[in-house]
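Single-letter residue listing:
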Amino acid sequence: MKLNIVEYPDKRLREKSSKVERFDADLYKLLDAMYDMMMSSNGIGLAAIQVAIAKEVLILSIPDEEGEQSKDNLMEIINPVITYKNGDTTYQEGCLSVPGFYEDIKRFDTISLSYQDRDGNSKNLNAEGLLSIAIQHECDHLNGILFIDKLSYSRRKKFEKEYKKAQKEKKNSK
Ligand code: QAP
Ligand code: CO
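Conventions and cut-offs
- Residues numbered from 1 in each chain as written.
- Chains lettered and ligands numbered in written order.
- Predicted model: local features only at pLDDT ≥ 70, side-chain atom pairs only at ≥ 80, totals over all residues.
- Heavy atoms only, no water.
- Helix = DSSP H or I, 4+ residues; strand = E, 2+ residues; numbered from the N terminus.
- Expected span 1.5 Å × (residues − 1).
- Buried < 20%, exposed > 50% of the residue type's maximum accessible area, 1.4 Å probe, protein only.
- Contact = heavy atoms within 4.5 Å.
- Donors = N, O, S within 2.8 Å, 3.2 Å for Na, K, Ca; no water.
- Near = heavy atom within 4 Å.
- Polar contact = N/O pair within 3.5 Å; in protein donor to acceptor, adjacent residues only side chain to side chain.
- Areas by Shrake-Rupley, 256 points an atom, 1.4 Å probe, with all protein chains shown as cover.

Caption draft 1: View of helix α1 (residues 25–40). Given a rise of 1.5 Å per residue, 16 residues ought to cover 22 Å, and the 23 Å separating the end C-alpha atoms of α1 matches this to within 8%. Within α1, burial applies to L27, L30, L31, A33, M34, Y35, M37 and M38. Packed against the buried residues of α1 are β1 (45–47), β2 (57–61) and β3 (74–86).

Caption draft 2: Expanded view of the coordination of the cobalt ion (ligand 2). For the cobalt ion (ligand 2), the full set of protein donor atoms is C95 (SG), H137 (NE2) and H141 (NE2), and the range of their distances to it is 2.0 to 2.3 Å. Mapping the donors of the cobalt ion (ligand 2) onto the primary sequence gives the spacing C-x41-H-x3-H. Here the residue C95 occupies a position in the loop between β4 (89–93) and β5 (103–107), and H137 occupies one in helix α2 (residues 129–142), the gap between them amounting to 42 residues.

Caption draft 3: The arrangement of the environment of K170 in detail. Looking at the element boundaries, K170 is found in helix α3 (residues 153–172). Ignoring any residue separated from it by four or fewer positions in sequence, one finds K170 in contact with E7 and P99.

Caption draft 4: Layout of the site of ligand 1. Close to ligand 1 lie 20 residues, the nearest being G43, I44, G94, G100 and Y102. Between G100 and ligand 1, the recorded distance is 2.8 Å, taken from a backbone N or O atom to an oxygen atom. Within the side chain of Y102, a nitrogen or oxygen atom sits 3.0 Å from an oxygen atom of ligand 1. Within the complex, the protein chains bury 85% of what would otherwise be the 500 Å² of accessible surface of ligand 1. Looking at the shell around ligand 1, the elements that each hand over two or more residues are β4 and α2.

Printed below as a string of structure tokens:
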């Protein structure tokens, strides 16, 4: 399965993903291909819409204290629903679909999530810290929302200007 990362401002990132109904070999193939793509792109989280598949599928690999991303830490989250949110926290976020840009984003500090694993088993999870932030970031993707949508008007304008400039430079260096 050959995947490509969809980059802002591609309209496909605005699509709303739909629920996974079949927990079959195609889903396994997608999850495995997303993992390879995330690791080779130095990501910690990836939603299926970022590889142009509008399904409620996301993966996360939060580094441990040593900064290692072992496969044991891989989380595969399908059909997630955030059932509880509390507190707030700010973190400098980035996104594989918005390469080269990082901005402080405010999110809930603690969340609870219900979701399904790759075999369709229902699960519940409480999360805080970076895991909680990453889940919220990836769940936003399933609704067509990007972290840059959460910037203030003036920071967003500044972002658009800098991003366009960076893209022009990227094109010219090709
Ligand atoms: C989402 O983001 C996230 O610009 C995952 O050049 C971010 O994996 C969750 C990346 C922050 C929680 C906190 C970004 C790689 C990876 C780039 C990522 C880049 C190369 C972003
Ligand atoms: Co993202």
